[in-house]
Amino acid sequence: MKLYASAASSFAREIRVMMLEKGVEHELELVNLWEPNQLHHVNPLGKVPALKLDDGRVLVSSGFGGRQHGCGQCNTLQNAFSR
Ligand SMILES: N[C@@H](CCC(=O)N[C@@H](CS)C(=O)NCC(=O)O)C(=O)O
């Protein structure tokens, strides 16, 4: 899977830390949000983090807003890689 992140994004940082802690193999693409970029091809909202799964699906919410509702990247990672 591939994580699209920005160095300035705490949302993206949380997902990256979680992936590293759980040992989830992934590619990292740092996106410069202050310059024209291709992020909208992955996430039409143009926001990071965006997590592209190996099957092509893309998760676009880190879970800060939706964690309590059982959605978002955090929950997906928690469920897929719980230990
Ligand atoms: N609800 C989203 C918020 C993500 C978000 O706001 N990301 C900001 C960086 S911290 C962003 O990509 N902003 C770029 C833009 O709005 O153009 C989440 O939890 O992932």
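This text goes with the structure placed above it.
Residues numbered from 1 in each chain as written. Predicted model: local features only at pLDDT ≥ 70, side-chain atom pairs only at ≥ 80, totals over all residues.

1. Details of the overall build of the chain
So the rule is basically this: Under the scheme used here, helices are H or I runs from DSSP no shorter than 4 residues and strands are E runs no shorter than 2 residues, and both carry numbers assigned from the N terminus. Each residue is classed by its C-beta neighbour count within 10 Å, where at least 20 other C-beta atoms makes it buried, 12 or fewer makes it exposed, and intermediate counts make it partly exposed; the C-beta atoms are placed from backbone geometry. Contact between two residues is assigned whenever their backbone-derived C-beta positions fall within 7 Å.
A tally of regular secondary structure across the chain gives two helices and four strands. Starting at the N terminus and walking to the C terminus, you meet the elements of the chain as β-α-β-β-β-α. Looking at the chain as a whole, 25% of its 83 residues qualify as buried. Here the contacts in the chain between residues at least 6 apart in sequence split such that 51% fall between residues at least 24 apart.

2. Points about the packing of helix α1 (residues 10-22) against helix α2 (residues 73-80)
Rules: Fitted lines through C-alpha atoms give the axes, limited to the stretch in contact for helices. The angle between two N-to-C directions lies from 0 to 180 degrees. Our angle categories are set so that under 35 degrees counts as roughly parallel, over 145 as roughly antiparallel, 65 to 115 as roughly perpendicular, and the remainder as oblique. Residues are grouped as follows: nonpolar covers Ala, Val, Leu, Ile, Met, Phe, Trp, Tyr, Cys and Pro; charged covers Asp, Glu, Lys and Arg; every other residue, Gly included, is treated as polar.
Relative to each other, α1 and α2 sit at 5 degrees, their axes nearing to 10 Å. The orientation of α1 relative to α2 falls into the category roughly parallel. Two secondary-structure elements touch here, α1 through I15, M18, M19 and K22 and α2 through Q73, C74 and L77. In the contact of α1 with α2, the residues fall into five nonpolar, one polar and one charged.

3. Here we look at α1
In an α-helix, one turn spans 3.6 residues; hence positions three or four apart end up facing the same way. Our working definition: Under the convention used throughout, the expected extent of a helix is 1.5 Å for every residue step, that is, one less than its residue count.
Taking 1.5 Å as the rise per residue, α1 with 13 residues should run 18 Å; its terminal C-alpha atoms sit 18 Å apart, in good agreement. Buried residues along α1 sit in contact with β1 (2-5), β3 (50-52) and α2.

4. Quick notes on the site of the ligand
To be explicit about the condition: Any residue whose C-beta atom, as set from the backbone, lies within 6 Å of a molecule or strand is reported as near that molecule or strand.
The immediate surroundings of the ligand are formed by 12 residues, with S9, F11, K47, V48 and S62 found nearest. For the shell around the ligand, the per-class residue count stands at five nonpolar, six polar and one charged.

5. Some remarks on the nonpolar core
Short version of the rule: Working definition: the nonpolar core is a set of buried Ala, Val, Leu, Ile, Met, Phe, Trp, Tyr and Cys residues, joined through C-beta atoms within 7 Å.
Within the largest apolar cluster, 14 residues are counted, with the highest numbers of intra-cluster contacts made by L3, Y4, A5, A12, I15, V48 and L51. Of all the secondary structure elements, the ones that give two or more residues to this core are β1, α1, β3 and α2. Tallying contributions element by element places α1 first for this core, with four residues. Those residues in contact with L3, other than ones at most four positions away along the chain, are I15, R16, M19, H26, L28, P49 and L51.

6. Structural notes on the pairing of β1
Stated precisely, the cut-off is as follows: Between any two strands, at least two bridges found by DSSP are needed for them to pair.
Where β1 lies against strand β2 (residues 27-30), four bridges are found, and the strand directions are parallel. Each bridged residue has a counterpart across the sheet, and for K2 the counterpart in β2 is E27. As defined by bridge partners, β1 adjoins β3 across three bridges and the pair is classed as antiparallel. Residue pairing across strands places K2 opposite K52, the latter belonging to β3.

7. A closer look at α2
What counts here: Directions from the helix axis toward the C-beta atoms define the arc.
Among all positions in α2, only Q73, C74 and L77 are buried. Projection of α2 onto a plane perpendicular to its axis shows the buried side chains occupying an angular sector of 100 degrees, all on one side. On its buried face, α2 is in contact with α1, β3 and β4 (58-59).

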